[in-house]
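# Tertiary structure, described
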Amino acid sequence: MNILLTGCQGQVGWELQRTLAPLGEVHGFDRSGLDLGDPDAIRRVVRGVVPELIVNAAAYTSVDKAEVEADQAMAINAVAPGVLAEEARRGGAAIVHYSTDYVFDGEKEGPYVEDDAPRPLGAYGRSKLAGEEAVRASGAPHLILRTSWVYGARGRNFLLTMLRLARERDELRVVDDQFGAPTWSRMIAQATVLALARCPWRGAGPDLFAASGTYHLSAEGRTSWHGFARAILERTAALEPGALRARRVVAIGSADYPTPAARPRNSVLSNAKLRRAFGIALPAWEDSLGRCLEDAVHAG
Ligand code: NDP
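Just so we're clear, the structure is a prediction, and the values are computed from it rather than from any experiment.

Thresholds, definitions, all that
- Residues numbered from 1 in each chain as written.
- Predicted model: local features only at pLDDT ≥ 70, side-chain atom pairs only at ≥ 80, totals over all residues.
- Heavy atoms only, no water.
- Near = heavy atom within 4 Å.
- Polar contact = N/O pair within 3.5 Å; in protein donor to acceptor, adjacent residues only side chain to side chain.
- Areas by Shrake-Rupley, 256 points an atom, 1.4 Å probe, with all protein chains shown as cover.
- Disulfide = S-S within 2.5 Å.
- Buried < 20%, exposed > 50% of the residue type's maximum accessible area, 1.4 Å probe, protein only.
- Salt bridge = Lys/Arg side-chain N within 4 Å of Asp/Glu carboxyl O.
- Helix = DSSP H or I, 4+ residues; strand = E, 2+ residues; numbered from the N terminus.
- Pairing = 2+ DSSP bridges.
- Axes fitted to C-alpha atoms, helices over the stretch in contact; angles between N-to-C directions.
- Contact = heavy atoms within 4.5 Å.

Here we come to the site of the ligand. Neighbouring the ligand are 25 residues, the closest being Arg-31, Leu-36, Thr-61, Tyr-124 and Lys-128. At 3.0 Å from a nitrogen atom of the ligand is found a side-chain nitrogen or oxygen belonging to Asp-35. Here an oxygen atom of the ligand and a backbone polar atom of Ala-59 are 3.2 Å apart. Protein contact buries 85% of the 900 Å² of open area that the ligand shows by itself.

Spelled out as structure tokens, the structure:
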């Protein structure tokens, strides 16, 4: 099976490049090989690869910059997934597309389920919601996987930022009134491949119609950014005594850390639908964090 993977140098895409390999021949594209801002290039590349499965891990992910580059965010996060999905339908392929907890406004008490009404607070969330709608409207068999608070041992993410700051400073100040589930990029890739392997297959390509739809896919449990930062420092100190300078993580409110884009107060996603459909449950966020840090330490 030919698999076309976009964003292969991103946090999730980099992991997917490896975890998808047992399913077929992975044709990975980064921005230099396929600029998603160019719909003609998307059509050309898809028609060249002739995939049976498209996995779109590329996205415009700069939440704050999107407030001033809303058109660009829309082009990458909404128009491009729509073109990819139309090409999937045209070629008889299925598409996996990632979305975000930021499609919600965070006002709900308790975990969000897939049917909860989206109401993004910013341009990034609006562009991702429009991308979901474009994929659904295409008629291609699809899995839209909404995840949250993605981190890993490479790329741009909160974990690596905290580790860098903790080496430079005595004290970190981190927001304690936004709640979510930090999710390891490797777990996202592994759960994606498991879901694909458990989809019914027919003929030459994956028949995802029975399972086609939107699913939440995030680590279990919940914490605040402050709780996540504390866990990062504590576990790193246990693995590498003396590696960090910071001794304290001070809890602050969102009001003390203003950002151009507003963030949802509650980002927790319920994974119950994913569990029911595919028998998949991601581990608790603390377990994955421990494994990711061990991995990073052993890798050097
Ligand atoms: P990353 O930002 O790590 O990776 C995104 C990739 O997309 C980058 O490699 C980037 O390339 C590429 N990209 C951006 N613009 C273009 C373009 N015009 N053409 C081609 N490639 C482009 O994202 P993640 O791996 O963290 O995110 C994966 C998915 O998960 C996305 O759909 C995201 O919206 C979603 N998600 C992410 C969350 C997070 O916390 N990061 C939270 C919830 C959902 P380059 O480096 O060159 O810009």
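Having seen it, we continue.
As enumerated under the stated definition, the model contains 0 disulfides in all. The structure places no disulfide on Cys-8, whose sulfur is separated from the nearest cysteine sulfur, that of Cys-292, by 20 Å. When its relative accessible area of 7% is taken as the criterion, Cys-8 is described as buried.

Moving on to the pattern of salt bridges. All told, the structure shown has 16 salt bridges when counted by the stated rule. With a shortest N-O distance of 3.1 Å, Arg-186 and Glu-15 are connected by a salt bridge. Placement of Arg-186 in helix 6 (residues 185-198) and of Glu-15 in helix 1 (residues 11-19) is noted, with a sequence separation of 171 residues between them. On the accessibility criterion, Arg-186 (23% relative accessible area) is partly exposed. Glu-220 is paired through a salt bridge with Arg-275; the nearest N and O atoms lie 3.3 Å apart. Here the residue Glu-220 occupies a position in the loop between strand 12 (213-216) and strand 13 (223-224), and Arg-275 occupies one in helix 8 (residues 272-278), the gap between them amounting to 55 residues. Where salt bridges share partners, they join Glu-15, Arg-186 and Asp-295 into one cluster.

Next up on the list: the sheet that holds strand 3 (residues 53-56). Spatially, 6 strands are ordered 2-1-3-4-5-12 in an open sheet, and the strand pairing comes out parallel. Two strands close off the open sheet at either side, each with one partner strand: strand 2 (25-29) and strand 12. Shown here is a sheet whose adjacent strand axes are inclined to one another by a mean of 20°, direction ignored. Note that strand 4 (residues 94-100) and strand 5 (residues 142-147) share 6 bridges and pair parallel. In the strand pairing of strand 5, Ser-99 is matched with Arg-146. Across the sheet, helix 2 (residues 39-49) is in contact with strand 1 (2-6), strand 2 and strand 3; its angle to strand 1 comes to roughly 155°. Packing of helix 3 (residues 70-91) onto the sheet brings it into contact with strand 1, strand 3 and strand 4, and relative to strand 4 it is tilted by some 160°.

Now for the side chain of Arg-146. Structurally, Arg-146 is set in strand 5. Excluding its chain neighbours within four sequence positions, the residues that come into contact with Arg-146 are Ser-99, Thr-100, Val-103, Phe-104, Glu-114, Glu-132, Arg-136, Thr-214, Tyr-215, His-216, Leu-217 and Leu-269.

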